Amino acid sequence: QVQLVESGGGSVQTGGSLRLSCVASGDMYGIDYMAWFRQAPEKERVEVSVYWIGGDSLYTAASVEGRFFFSLDRTKKALYLAMTQLKPEDTAIYYCAASKQDPQYGMDYWGNGTLVTVSS
């Protein structure tokens with residue numbers, strides 16, 4: 001079992017920045033994908049950035065490309081999302097997630113989320 005805990009959310013004004021963190025614990029054996037998702041009010045959860053560990057390949061959603069930057073610290077088993085140039089439409093609960101298989105088949109583990117609120 002894997003546990004994921006997010007932190008770093010908060011309230012900022014348009015144009016501001018935040019850095020989210022996610023710490024993983026438990027048995028990470030077989031985990032090959034780490035990702036950030038978000039769910040805006042009354043919207044479905046969507047991918048923000050997905051990292052394929054085995055292929056050292058990163059996908060970033062077009063809506064945040066150039067503004068959000070993903071990173072992974074393998075020694076600390078920590079996942080980060082540096083968010084800049086924040087917009088009101090970035091307001092959402094942000095979740096970290098992990099999986100053994102391609103994320104198109106669903107993530108195996110989820111954190112409880114951290115809230116990001118961007119005001120205008």
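Look up: the structure comes first, before these words.
All values derive from a computational prediction rather than experimental measurement. (Residues numbered from 1 in each chain as written. Predicted model: local features only at pLDDT ≥ 70, side-chain atom pairs only at ≥ 80, totals over all residues. Heavy atoms only, no water.)

Explain the side chain of S49 to me, please; I cannot follow it from the model alone.
Position of S49 among the secondary structure elements: in strand β5 (residues 46–52). Within polar-contact distance, the side chain of S49 engages the backbone oxygen of Y59 at 3.1 Å. The residues contacting S49, other than those within four sequence positions of it, are M34, A35, W36, L58, Y59, T60 and F70. (Helix = DSSP H or I, 4+ residues; strand = E, 2+ residues; numbered from the N terminus. Polar contact = N/O pair within 3.5 Å; in protein donor to acceptor, adjacent residues only side chain to side chain. Contact = heavy atoms within 4.5 Å.)

Would you explain the side chain of E6 in this entry?
On the secondary structure map, E6 appears in strand β1 (residues 2–7). One buried charged side chain, E6, makes no salt bridge at all; its nearest oppositely charged neighbour is R45, positioned 7.2 Å away. One polar contact links the side chain of E6 to the main-chain amide nitrogen of C96, over a distance of 2.9 Å. A polar contact is formed between the side chain of E6 and the backbone nitrogen of N112, at a distance of 3.1 Å. When residues no more than four places from it in sequence are discounted, the contact partners of E6 are S21, C22, W36, Y94, Y95, C96, G111, N112, G113 and T114. (Buried < 20%, exposed > 50% of the residue type's maximum accessible area, 1.4 Å probe, protein only. Lys, Arg positive; Asp, Glu negative; His and termini not counted. Salt bridge = Lys/Arg side-chain N within 4 Å of Asp/Glu carboxyl O.)

Got a minute to help me understand the environment of A40 in this structure?
With respect to the element layout, A40 can be found in the loop between β4 (33–39) and β5. Take A40: its relative accessible area is 22%, and that puts it in the partly exposed class. In this structure, A40 is in contact with T91 and A92, ignoring residues within four places of it in sequence.

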